[in-house]
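Breakdown of the fold
Chain by chain, the residues:
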Amino acid sequence: MELSSLSIGELHEKLLRREIRVKDIVEDSLKSIEKKEDQINAFIEVFRDEALERARELDIILEEKKNLPLLFGIPIAIKDNINVKGHSTTCASRILLGYKSLYHATVVERLLNEGAVIIGKTNMDEFAMGATGEYSYFGPTRNPHNPEFSPGGSSSGSAAAVAAFEAVASLGSDTGGSIRLPAAYCGVVGLKPTYGRVSRYGLVAFASSLDQIGPIAKSVEDTARLFVTIAGYDPMDSTSMNLEVPTIEELLSSEDVKFTLGIPDVLDEANIEESVGKKFDEVLRFFEREGLKLKRISLPHIKYSVEVYHLIVTSEASSNLARYDGVRYGFREDADTLENMYIKTRSQGFGPEVKRRIMLGTFALSHGYYDAYYLRALKVRRLIKNDFLEAFKDVDLVILPVAPSPPPRIGETTDPVSLYFLDIFTSPANLTGFPAISLPSGRMEFNLPTGFQLIAPSFREDLLFKIASFYEKGHGFGLH
Ligand code: GLN
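An account of the accompanying structure is given in this report. Just so it is clear, the structure is predicted and the values come from calculations on it, not from any experiment. (Residues numbered from 1 in each chain as written. Predicted model: local features only at pLDDT ≥ 70, side-chain atom pairs only at ≥ 80, totals over all residues. Heavy atoms only, no water.)

Moving on to the state of the cysteines. Taken as a whole and judged by the stated rule, the model has 0 disulfides. In this model Cys91 remains outside any disulfide bridge; the closest cysteine sulfur is found in Cys186, 20 Å from its own. What makes Cys186 buried here is its relative accessible area of 1%. (Disulfide = S-S within 2.5 Å. Buried < 20%, exposed > 50% of the residue type's maximum accessible area, 1.4 Å probe, protein only.)

Next comes the structure, spelled out in structure tokens:
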């Protein structure tokens, strides 16, 4: 049996009974990486020696331990847009080749304080722009349930590594769905916390008003362990909120789930593929049988989410990515003049999707177009949020599929715009800042998992965890 297939709680029991040592967990995870990486390609870098060294240190501490910190001895994979000191942070882009992180992101610092073992950095769409994991300089990640298919993106490696038992859990980032989509496609749990709940210090900025770091794991409890570890105020991030973080016990008590779930009217118009729709209906019926109330709600502006999201995301990205000029970070292509050096470096350093977004964003922000595009997008963003706030007066949570269609085959989608529409149900949580969790709901054709999503009001991750553990216990993820 692969140890990485166990939950954190199960591994901790074994550690405390001295049946295994941290070394065994880490070696097992490394073995699994060695065996599967040729096919899956979830990792950009594996911290082999460092992880084994860390295991040795933790095994010495283990001798005197009667109870363990939340993530003691647990191999965790980190998306390669989050800084781990002394290692590369490539964002899966050529332009960052050779760049080494000078400091730990706050989330990494916090994982280490709870005893985690960082096992490596994971593959992703370049600068987190994408939905299939195919826009990586290091080649696509493959879905562990069926390698002909995409694992979803942009946190493709973080979701695939957990599903393939290469790591016990991982961190991803979610700007428009990049944690929830790959989690659903790989049959694992993914959480996008409320904007401001988790520090972004040390996360490479894509679209700063939307980016959030969050956990990916096999179970709701594992996800909660990572969430409480990384959440909380950080003076290094000016958008971080100084609010108390609930305890694991508070998050997982699933007794009181007499919730009302809102079903948005957008589902009638959205082009949801039949297989996805069927699984979603099964989930609705489960909640209904269990006595939760289902209520139709109207979210009149949510249908503009993808357009609004892409205007904002490209505008912010064009500004954030201006810093990669060949002078300060990573890759440089020398030339006769400074300006030519910029041009050559950026032309050769960025991939096609990143260039597309920089150009679109620069256009949307330019004089004469700013009011018509960017400013208008901000106004509609507010309307989308207002719709949700109105709905939350009547319902506790909003329920939606994660994506309208199952994972695409690798290499199948050549039209970027059709990929943008995979975010129709995920981007609203980023535009509004609300927290959202993606949970597996069984398998479809070709052995591929699917999932659904719950969205809560700001800083009510407790509601998400309560209903998620209720669903996990009562229904299960349907993957066995
Ligand atoms: N698929 C979306 C995009 O391409 C989401 C990306 C993300 O959440 N990082 O922008």
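A few words now on the site of the ligand. The ligand sits among 14 residues. The nearest are Thr175, Gly176, Ser178, Tyr309 and Arg357. In this structure, an oxygen atom belonging to the ligand sits 2.7 Å away from a side-chain N or O atom of Ser178. In the complex, 99% of the free accessible area of the ligand, which totals 300 Å², lies under the protein chains. (Near = heavy atom within 4 Å. Polar contact = N/O pair within 3.5 Å; in protein donor to acceptor, adjacent residues only side chain to side chain. Areas by Shrake-Rupley, 256 points an atom, 1.4 Å probe, with all protein chains shown as cover.)

Next up on the list: helix H3 (residues 48-62). Structural remark: α-helix, 3.6 residues per turn; residues separated by three or four positions point the same way. Taking 1.5 Å of rise per residue, the 15 residues of H3 would be expected to cover 21 Å, and the 21 Å separating its terminal C-alpha atoms lies within 8% of that figure. Within H3, the full set of buried residues consists of Ala51, Leu52, Arg54, Ala55, Leu58, Asp59 and Leu62. All buried residues of H3 project into a common sector of 160° when viewed along the axis, lining one side. In this structure, H3 carries Asp49 and Ile60 as exposed residues pointing more than 90 degrees from its buried face. (Helix = DSSP H or I, 4+ residues; strand = E, 2+ residues; numbered from the N terminus. Expected span 1.5 Å × (residues − 1). Arc of directions from axis to C-beta.)

With respect to burial, strand E7 (residues 260-264) is a largely interior element, 5 of its 5 residues being buried. Burial along E7 is two-sided: the face carrying Thr260, Gly262 and Pro264 and the face carrying Leu261 and Ile263 are both buried. In terms of strand pairing, E7 meets strand E8 (residues 293-297) through 5 bridges, oriented parallel. Bridge pairing links Pro264 to Ile297 in E8. Bridging between E7 and strand E9 (residues 397-401) involves 2 bridges; their strand directions are parallel. Its bridge partner being in E9, Leu261 is matched across the sheet by Leu397. (Pairing = 2+ DSSP bridges.)

This structure, assessed with the given rule, holds 22 salt bridges. Put simply, Glu148 and Arg409 hold a salt bridge, and the shortest N to O gap is 2.6 Å. Separated by 261 residues along the polypeptide, Glu148 in the loop between strand E3 (117-122) and helix H5 (156-163) and Arg409 in the loop between E9 and helix H15 (416-420) bring together distant segments of the chain. You can call Glu148 partly exposed: its relative accessible area is 48%. The partner of Asp268 in a salt bridge is Arg296, and the shortest N-O contact between them spans 2.6 Å. Taken as a pair, Asp268 in helix H9 (residues 266-269) and Arg296 in strand E8 lie far apart in primary sequence, 28 residues in all. A relative accessible area of 55% means that Asp268 is categorised as exposed. Linked through salt bridges whose partners overlap, the residues forming this network are Glu13, Lys14, Arg17 and Glu19. (Salt bridge = Lys/Arg side-chain N within 4 Å of Asp/Glu carboxyl O.)

A cluster of nonpolar side chains, Val327, Leu338, Tyr342 and Ile343, forms an exposed patch at the surface whose accessible area comes to about 350 Å². With respect to the helices and strands, Tyr342 occurs in helix H12 (residues 338-349). (Patch = residues over 30% accessible without salt bridge, like charges linked within 9 Å, V, L, I, M, F, W, Y side chains within 5 Å.)

Glancing now at helix H13 (residues 352-365). The end-to-end C-alpha distance of H13, which contains 14 residues, comes to 20 Å, matching closely the 20 Å that a straight helix rising 1.5 Å per residue would cover. All buried positions along H13 are accounted for by Glu353, Val354, Arg357, Ile358, Gly361 and Ala364. Taken end-on, H13 shows its buried residues confined to a sector of 135°, consistent with a single buried face. Within H13, the exposed residues directed more than 90 degrees away from the buried face are Pro352 and Met359. Check the buried side of H13 and you find it contacts helix H11 (305-320), H12, helix H14 (371-391) and H15. (Contact = heavy atoms within 4.5 Å.)

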